[in-house]
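Take a look at the letters that make up each chain.
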Amino acid sequence: MKTPKQSIADSPESHDFALDALLERAALADPIDAQAYARLEARVLSQSLPPQSRPFVDTLIDSLIEWFAPHPQLRWRSVMAATCPILLGIVIGNFYHFGVATPEPYDALANSWDDEFAMLSYTEVTTLELDSGASL
Amino acid sequence: MSEEELMAAVIRGDQLAYQTLVRAHLPAINRYTQRLLGGGRDTEDIAQETFLRLWTTAARWDPDKAKLSTWLHRIAHNLCIDFLRKQKRVVLTASFDENNPIEGEITPSSNVGALRSAIVERSEQQPTSADNIEQEEELNALHSALATLSEAQRSAILLCHFQGFSNKEAAAIMNVSVQALESLIARAKRGLRVQLEATRNEDT
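Residues numbered from 1 in each chain as written. Chains lettered and ligands numbered in written order. Predicted model: local features only at pLDDT ≥ 70, side-chain atom pairs only at ≥ 80, totals over all residues. Heavy atoms only, no water.

Asks: So what's going on with helix α7 (residues 151-162) of chain B? Which residues, and what values?
Replies: Counting buried residues in α7(B) gives 10 out of 12 residues, a clear majority hidden from the surface. Turning to α7(B), its buried residues number three or more, namely B:Glu151, B:Gln153, B:Arg154, B:Ser155, B:Ala156, B:Ile157, B:Leu158, B:Leu159, B:Cys160 and B:Phe162. (Buried < 20%, exposed > 50% of the residue type's maximum accessible area, 1.4 Å probe, protein only. Helix = DSSP H or I, 4+ residues; strand = E, 2+ residues; numbered from the N terminus.)

Printed below as a string of structure tokens:
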């Protein structure tokens, strides 16, 4: 029977099979130092563990990041995450004006319509008079 | 109890559930870190840190994305890679300061050296019948050849051939594509064949 080492040297076709067999044998034959392992297990089991409860803010941030992170089946979440800044801007802009003057509401303007019409009527009369004078 | 139930208990702070998970997964994690780094105190530190991360970040494990063993191997793998990078940085700093590595300092080949010393220790522990000696020589040659591979190639071989992960799982652990992993394995095997044949030629 050929040993894996001999097979590796024999023919290129058998290289992978022989090497795989050798790797498999190495994986099975790898011994474990029971004493060292027992020491390591005791060390891991006895290590002091920090408290599990985390601040609410940390948990919330982690949950948000996890929720927004791209998942192959849930691409809409990434799209929604991308639109968050503009949505936030709309909401904030609706309540705060940051010192920027905005036009008066329609109702406020409606109260001065009479004055506006009166002013317009003067303008029209003047214009008509000028036009009639010119035509004469 | 299933692993999902145990992890839910760990999130609630149940130390018994943590101990159950340690007993179930420590052997595999210990083997992986030992095979990748060659044993020693640092290997034990990394295994310990892996399970501390299990405790502190248990809520981040998503059973739909990965098995618990895959997730733990990924943590251990990242810790090993960080450790190896730090080693390289120490060597670079030392060589800039002194133009030579400081005596007793970590050297570029210290990782390979640790693996080799592990192989020597291993060979000294084995039985000595004629067949066993020949088989042990083959295995020692294989382990020596593994020690000469790059970390990425060695990780790929260890995960797929020693730890029993599928290519997809191993790629997830190493954070590479399956194609990249297959390429790493192919190059690693080519390197191993060359090394093994060189060893055989030296023997004859």
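Asks: Which residues make up the nonpolar core, and what values go with them?
Replies: Ranked by internal contacts, the top residues of the largest apolar core, which has 61 residues, are B:Tyr18, B:Phe51, B:Leu54, B:Leu142 and B:Leu192. Sort the elements by how many residues they give to this core and helix α2 (residues 15-37) of chain B lands first, with nine residues. Aside from chain neighbours lying at most four places away, what touches B:Leu142 is A:Leu19, A:Leu22, A:Leu23, A:Ala26, B:Leu192 and B:Leu196. (Core = buried A, V, L, I, M, F, W, Y, C linked by side-chain atoms within 4.5 Å. Contact = heavy atoms within 4.5 Å.)

Asks: Describe the interface of chain A and chain B, and please don't skip the residues or the numbers.
Replies: Across the boundary between the two partners, chain A contributes 34 residues, which contact 43 residues of chain B. Buried surface at the junction of chain A and chain B, both sides included, amounts to about 3,900 Å², of which 57% is carbon and sulfur. Run the count over chain A and chain B and you get five salt bridges. Here A:Arg43 ties to B:Glu44 by a salt bridge, and the two come within 3.1 Å at their closest N and O atoms. Seen at the junction of chain A and chain B, the total is 10 residue pairs in polar contact (both at pLDDT 80 or more). Those elements that place two or more of their residues in the side of chain A that touches chain B are α1 (4-10), α2 (15-29), α3 (34-46) and α4 (56-68) of chain A. (Buried area = accessible area lost by both parts, 1.4 Å probe. Salt bridge = Lys/Arg side-chain N within 4 Å of Asp/Glu carboxyl O. Polar contact = N/O pair within 3.5 Å; in protein donor to acceptor, adjacent residues only side chain to side chain.)

Asks: Describe the layout of surface pockets, naming the residues involved and giving the relevant values.
Replies: Computed from the structure, the largest pocket encloses a volume of approximately 1,000 Å³. If you trace the largest pocket, you find 31 residues lining it, with A:Glu66, B:Arg60, B:Trp61, B:Asp62 and B:Trp71 closest to the centre. Mapped onto the lining of the largest pocket, the elements with two or more residues apiece are α4 of chain A together with α3 (41-56), α4 (68-98) and α8 (167-174) of chain B. It is α4(B) that provides the largest number of residues to the lining of the largest pocket, a total of seven residues. Of the residues contributing to the lining of the largest pocket, the split by class is 11 nonpolar, eight polar and 12 charged. (1 Å grid on protein atoms, 1.4 Å probe; cavity = no way out; pocket = protein on both sides within 12 Å on 5 of 7 lines; lining within 4 Å. Points joined across faces, edges and corners; volume = space filled by probe spheres on them. Nonpolar A, V, L, I, M, F, W, Y, C, P; charged D, E, K, R; others polar.)

Asks: An account of helix α5 (residues 75-95) of chain A is requested, with residue identities and associated values reported.
Replies: With 21 residues, α5(A) should cover 30 Å at 1.5 Å per step; its first-to-last C-alpha distance of 31 Å lies within 8% of that length. At A:Cys84, α5(A) shows its largest bend, some 40 degrees, and a proline, A:Pro85, comes one to four positions later. (Expected span 1.5 Å × (residues − 1). Bend = angle between axes of the 7 residues up to and from the residue.)

Asks: For the confidence of the model for chain B, give the residues involved together with the corresponding values.
Replies: This prediction gives chain B a mean pLDDT of 81; 78% of its residues lie at or above 70. Of the regions scoring below 50 in pLDDT, residues 98-110 of chain B engages in 12 contacts with residues more than four places distant in sequence or in other chains. (pLDDT = per-residue confidence, 0-100.)

Asks: Describe the packing of α7(B) against α8(B), and please don't skip the residues or the numbers.
Replies: Residues and elements named next belong to chain B. Remark: α7 packs on α8, axes separated minimally by 9 Å, with the N-to-C direction vectors making an angle of 140 degrees. As judged from the angle between their axes, α7 and α8 are oblique. Classified by chirality, the crossing of α8 by α7 is right-handed. From α7, Ala 152, Ser 155, Ala 156, Leu 159 and Cys 160 reach across to α8, where they touch Asn 167, Ala 170, Ile 173 and Met 174. For the contact of α7 with α8, the per-class residue count stands at seven nonpolar, two polar and no charged. (Axes fitted to C-alpha atoms, helices over the stretch in contact; angles between N-to-C directions. Parallel < 35°, antiparallel > 145°, perpendicular 65-115°, else oblique. Left-handed = near helix turned anticlockwise from the far one by under 90°.)

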